[in-house]
Amino acid sequence: MTEAIKPDGPAKRFPVSVVMERRSVQGNRWVSESWKAVGVAVGARTVAGGEENPLCLVSGRDASQYLWTGLTVELFPDETESYYHNLMVGTPGCYIVVRPRADGMPEPVLVTLSFDAGQAYQEADETVYAVPLPPELYRAAEAFVIAHYVPEKKRKRKLENWKEDARERH
């Protein structure tokens, strides 16, 4: 594990930054721009020169990219099953919850590796972006899952006789 992603104490926190991209939308009278998260960078980063979040990385007429620093990914032992399933899919992901600022720019407020948490935020009408999981976080999540995940024992359920139940009711 690199120094940048060693867990911060017993809480298993990892510093991350999020790159958001703004693109101009042409030919739509209701929308002039669209936003999406394009990636997560692992490690603590500070914005140079005392600039505020976000730091504009690239600015063009049709697109701009911004770096949001000071975020963390936190791993919880009771969510290891969700992390496990995330790691087992073809393209494991980070789920980024964003909320609009007063100026309309989306601000990342949460980064999680839990598909279940990302889905819950989305079902609550929050904006959630999925981006590929960086290799450093993959390795850290894999080690966390190995240390904490205990699969539930499968239980054979008792078969019920639906026909008999229906007859008894009538």
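Quick note: structure is the one above.
Residues numbered from 1 in each chain as written. Predicted model: local features only at pLDDT ≥ 70, side-chain atom pairs only at ≥ 80, totals over all residues. Heavy atoms only, no water.

**A look at the pairing of strand 5 (residues 93–100)**
- When you tally the buried positions in strand 5, you get six out of eight residues, the bulk of the element.
- Summarising the sheet, strand 5 and strand 7 (residues 127–132) pair through six bridges and their orientation is antiparallel. Bridge assignment links C94 to a residue of strand 7, and that residue is V131.
- When strand 5 meets strand 6 (residues 106–112), the two strands line up antiparallel, connected through six bridges. Bridge pairing in strand 6 places V97 opposite L110.
- In sequence, strand 5 turns back onto strand 6 through a hairpin of five residues, with G104 there showing a positive phi of about 90°. (Buried < 20%, exposed > 50% of the residue type's maximum accessible area, 1.4 Å probe, protein only. Helix = DSSP H or I, 4+ residues; strand = E, 2+ residues; numbered from the N terminus. Pairing = 2+ DSSP bridges.)

**Examining the side chain of S64**
- By secondary structure assignment, the location of S64 is in strand 4 (residues 63–74).
- Given the relative accessible area of 2%, S64 is considered buried.
- Beyond its immediate stretch of four places on either side in the chain, S64 contacts M20, E21, R22, V58 and S59. (Contact = heavy atoms within 4.5 Å.)

**Some details on helix 3 (residues 135–148)**
- Taking 1.5 Å as the rise per residue, helix 3 with 14 residues should run 20 Å; its terminal C-alpha atoms sit 20 Å apart, in good agreement.
- Residues of helix 3 that are buried include every one of L137, A140, A141, F144 and V145, and no others. With its buried residues spanning 135° around the axis, helix 3 presents them on a single face. Of the exposed residues in helix 3, the ones pointing more than 90 degrees away from its buried face are P135, I146 and A147. (Expected span 1.5 Å × (residues − 1). Arc of directions from axis to C-beta.)

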